[in-house]
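Structural characterization, general
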There are 2 protein chains.
Amino acid sequence: MRQRPPLTPIVSVLPSTVPFVGPEAQERDRGRAFRARIGANESSFGPSPRVIARMAGIARDMWMYCDPDNHDLKVTVAGHLGVGVENVVVGEGIDGLLSLVARMYVASGDAVVTSLGAYPTFNFHIAGVGGRLVAVPYENDRESLDGLLAAVTKDKAPLVYLSNPDNPMGSWWEAAELIRFIEALPETTMLVLDEAYGELGPASALPPIDVSRPNVIRMRTFSKAYGLAGIRCGYAVADAQVIRDFEKIRNHYGVSRMAQIAGVEALADQDYLQSVVTRVAAGRRRIAEIAEANGLKPLPSATNFVTMDCGGDGAFALKVLQALLSRDVFIRKPMVPVLDRCIRVSVGLDHELDIFAEELPGALAAARGS
Amino acid sequence: MRQRPPLTPIVSVLPSTVPFVGPEAQERDRGRAFRARIGANESSFGPSPRVIARMAGIARDMWMYCDPDNHDLKVTVAGHLGVGVENVVVGEGIDGLLSLVARMYVASGDAVVTSLGAYPTFNFHIAGVGGRLVAVPYENDRESLDGLLAAVTKDKAPLVYLSNPDNPMGSWWEAAELIRFIEALPETTMLVLDEAYGELGPASALPPIDVSRPNVIRMRTFSKAYGLAGIRCGYAVADAQVIRDFEKIRNHYGVSRMAQIAGVEALADQDYLQSVVTRVAAGRRRIAEIAEANGLKPLPSATNFVTMDCGGDGAFALKVLQALLSRDVFIRKPMVPVLDRCIRVSVGLDHELDIFAEELPGALAAARGS
């Protein structure tokens, strides 16, 4: 055959090399396992014992399709947040929901505003619909609310992304600042407020949920504080019409039955969640101490990781990262200018942070010496 | 606020009422559970005991993200089918892969060919990208290969869908006929060959896999014979360039870690698969006997369900369906003209088919009397 089916114009111009490299791929390349898995902002503490028991108990039921309505999980989320069931949509992690939002609000050529160095998966999905990214630099290691607002207005963007608390810096805005931002947004611009780390920071960083406002979608996940990154389940809370619009294109059988049931059980065990929040806070303090003991500057964090300034440029921090990887410590780092002076370390189990503490001095020496 | 963020032109015209009504929704509406769940072509025999044990054992590991490469599962699939790892992509069930195919090959306004009454989820995802469906009627309860070919040519369709064995009729084409069809397709038309039921019919219905042909995508699933509908995992096999094109837009963290590991284990237990295939064949015979004992005509089936001609029109078959539902027997039926004279009964456990046998005479009497 000489011809092949052509891709659509939007897809044909996309790169087939993608930014998703998991620790498993790195382990395959290295030919050996990491000793500390503290790079993907997972919760090493795992899911609640109740959730684990429930998942094990329902394994044999997996011959049944999931409920395409996600009914029970939506009811549980709605009760948990004090909103209506009609204000909730469940998806294959926040990632899956971001893909839908891109298709809902972004036509080819539309400008979409985010922060430079913010969540790459959002960017990936915007590119996937032919959107044009406008990336606003961070200011003082925080997403710039004024900068985002100016870009939205200048570029007439139908969509803007903001994570709070933020990845990769761990910073956050207080609710009052966010409310000011939301009220200043054009009515025709949709805000995706990614609160993946929402349970892990100060409650004062979470504005009250107002589902009467049709241009804000709040997103939350079971991947972080609830320790269920592997089941792929997140949810969005919004105005009921926005939720109905998700129905038009979502994969109605996308969220597994396992995730639907585990999510209900996870929300029911708030005691466990609180214990994780406490342990994460202690882990952040420990990571900060390790950083300071090595002359690095830990940034304040409202998440389950600590980003630390290595005191040099991006090239130096990259050497530190590589030296840690070579010592079997899986961490990550921001890659865009200014932020790239840092490395990012997730809260792990005590023995993982011990390994980090043991290996960091040697990694720094290697980075300085090379 | 007086304005709201506008949807894209493609999404704004879509209906927000969708065709996905699961048995759970019906149970909620009825206020009571079904006694026999034999309507969604699930495998009541469940997954392999090895798979159940493995899933239970890894529940506690679900704090880790899935491998975005789906590496181990792709290697296992590739080995199972004798193709390269570069010829496999894994998705959130065939549904998830169909959504991607729509985005890859169908621009707004493009014609897409399928059979009238074939898989509604395909139609849903084509509508979701603004595609224009051209639906070719079945002929003698089989998808019409000649009709599909003529429609593809007439409408210059970039994409055509064919399921083999077929849902909702259970019919199939032999490999030689499919090869003839494939060779007659325009080089620029992509064929999605949905083989969700492929393990359950005669091997002679499956053409050899030829990954050198760039306009055929074969799709398989763990939802049917492998009894894992609830974990949402399917895969596509195609030319390596086609697989790379999936990478451009797929949700790289869409398939759960649970599904990735369960899929590997399921493929490893081919003895269990064979036992299911045997039990499904016996179940088909049993359903056919029940149909015939009640004066209905069972159609030949290469799947895990039997579609039966109720001997009247669509309205009559609908009454039979409703009478069975009211007797707590969950089944489904085709809804398009000609096919709609039938009801569709999935192979279930013995006690479920007993209930079907007990309730069918009364349901038929009710349908005739009402």
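Residues numbered from 1 in each chain as written. Chains lettered and ligands numbered in written order. Predicted model: local features only at pLDDT ≥ 70, side-chain atom pairs only at ≥ 80, totals over all residues. Heavy atoms only, no water.

Labelled according to an unreviewed UniProt entry, chain A appears under the name Histidinol-phosphate aminotransferase, originating from Mesorhizobium muleiense. Listed in UniProt under the heading Cofactor (unreviewed entry), the comment for chain A reads: "pyridoxal 5'-phosphate". A UniProt comment under Pathway (unreviewed entry) is attached to chain A, and it reads "Amino-acid biosynthesis." (UniProt positions renumbered as here; feature names shortened; annotations may be inferred.)

Residue and element names in this part refer to chain B. Taken together, the five bridges between strand β3 (residues 111–115) and strand β4 (residues 132–136) define a ladder with parallel strand orientation. From the neighbouring strand, Val 112 faces β4, where its bridge partner is Leu 133. For the segment spanning β3, helix α6 (residues 120–128) and β4, crossover handedness is right-handed. (Pairing = 2+ DSSP bridges. Helix = DSSP H or I, 4+ residues; strand = E, 2+ residues; numbered from the N terminus. Right-handed = clockwise from strand over helix to strand, strands pointing away.)

Sheets are built from strands paired through backbone hydrogen bonds, the pairs being either parallel or antiparallel. Residues and elements named next belong to chain A. With antiparallel pairing, the three strands of this open sheet are ordered in space as β9-β10-β12. With partners counted over all chains shown, the strands left at the sheet margins are β9 (297–298) and β12 (342–346), one partner each. Relative to β12, strand β10 (residues 305–309) runs antiparallel, the two being bridged by five bridges. Paired with Val 306 across the bridge in β12 is Val 345.

All right, on to the relation of the copies chain A and chain B then. Of the two same-sequence chains, chain A is brought onto chain B (RMSD 0.0 Å, axial shift 0.0 Å) by a rotation of 180°. Taken together, the rotation angle and the small translation identify this as a two-fold axis. Residue Ala56(A), judged by its C-alpha, is the member of chain A lying nearest the rotation axis, at 2.0 Å. Mapped onto chain B, 100% of the interface residues of chain A are again interface residues, and the two copies thus contact each other with one and the same surface. (Least-squares fit on C-alpha atoms with pLDDT ≥ 70 in both. Contact = heavy atoms within 4.5 Å.)

This next bit is on unusual backbone geometry. Residues and elements named next belong to chain A. In this structure, Pro 165 follows Asn 164 across a cis peptide bond, with omega equal to -10°. On the secondary structure map, Pro 165 appears in the loop between β5 (159–163) and α8 (175–184). The phi angle at Asp 141 is positive, at roughly 65°, despite the residue not being glycine. Mapped onto the elements of the fold, Asp 141 is located in the loop between β4 (132–136) and α7 (145–155).

Turning our attention to the domain arrangement of chain A. Bring the parts together and some accessible area is lost; that lost area is often taken as the interface size. Residue and element names in this part refer to chain A. Its domain assignment divides chain A into domain 1 (9–46 + 271–369) and domain 2 (49–269). Placing a centre on the C-alpha atoms of domain 1 and another on those of domain 2 gives a separation of 24 Å. Taken as a group, Leu 273, Ala 302 and Leu 339 account for 23% of the area that domain 1 buries against domain 2, more than any other trio of residues on that side. If you look at where domain 1 meets domain 2, you find one salt bridge. Across the pair Arg 341 and Asp 141 runs a salt bridge, and its minimum N-O distance is 2.7 Å. (Domains from an automatic or database assignment. Buried area = accessible area lost by both parts, 1.4 Å probe. Salt bridge = Lys/Arg side-chain N within 4 Å of Asp/Glu carboxyl O.)

Now for the sheet that holds strand β7 (residues 216–221) of chain B. All names here are of chain B. Read across the open sheet, the seven strands follow the order β2-β8-β7-β6-β5-β3-β4; overall the sheet is mixed. Each edge of the open sheet is held by one strand with a lone partner, namely β2 (88–91) and β4. Here the strands of the sheet are splayed against their neighbours by 20° on average, with no regard to which way each runs. Sheet topology note: the β2/strand β8 (residues 234–237) ladder contains four bridges and is antiparallel. (Axes fitted to C-alpha atoms, helices over the stretch in contact; angles between N-to-C directions.)

So, about the pattern of salt bridges. On inspection of all chains with the given rule, the structure shows 46 salt bridges over all chains. Asp309(A) is paired through a salt bridge with Arg341(A); the nearest N and O atoms lie 2.7 Å apart. Separated by 32 residues along the polypeptide, Asp309(A) in strand β10 and Arg341(A) in the loop between β11 (329–330) and β12 bring together distant segments of the chain. Grouping residues by exposure puts Asp309(A) and Arg341(A) together as buried. In this structure, the salt-bridge partner of Lys248(B) is Asp245(B), at a minimum N-O distance of 3.7 Å. For the pair Lys248(B) and Asp245(B), one class covers both residues: buried. The network of salt bridges with shared partners includes Arg30(A), Arg32(A), Arg35(A), Arg327(A), Asp328(A) and Glu359(A). (Buried < 20%, exposed > 50% of the residue type's maximum accessible area, 1.4 Å probe, protein only.)

All names here are of chain B. Secondary-structure assignment places Leu 324 in helix α12 (residues 314–326). Look at Leu 324 and you get buried, because its relative accessible area is 0%. Placed 91 residues apart in sequence, Leu 324 and Cys 233 show a C-alpha to C-alpha distance of 31 Å. With near-sequence residues (within four places) excluded, Leu 324 lies in contact with Val 329, Ile 331, Ile 343, Phe 356, Glu 359, Leu 360 and Ala 363.

Within the element layout of this structure, Gly147(A) appears in helix α7. Sequence separation of Gly147(A) and Val136(A) is 11 residues, and the distance between their C-alpha atoms is 6.3 Å.

Looking now at the interface of chain A and chain B. In this assembly, 87 residues from chain A lie in contact with 87 residues from chain B. Both faces considered, chain A and chain B share a buried interface measuring about 7500 Å² in area, 61% of it formed by carbon and sulfur atoms. It is Trp63(A), Tyr65(A) and Lys248(A) in chain A that bury the most area against chain B; as a group they hold 11% of the surface buried on that side. Here chain A is connected to chain B by eight salt bridges. Linking chain A to chain B there are 40 residue pairs in polar contact (both at pLDDT 80 or more). If you list the elements that add at least two residues to the side of chain A that touches chain B, you get α1 (9–12), α2 (23–30), α3 (49–58), α4 (71–81), α5 (93–105), α6 (120–128), α9 (240–247) and α10 (257–268) of chain A. The greatest single-element share of the side of chain A that touches chain B, amounting to six residues, is contributed by α5(A). Tallied by class, the residues present in the side of chain A that touches chain B amount to 38 nonpolar, 24 polar and 25 charged. (Polar contact = N/O pair within 3.5 Å; in protein donor to acceptor, adjacent residues only side chain to side chain. Nonpolar A, V, L, I, M, F, W, Y, C, P; charged D, E, K, R; others polar.)

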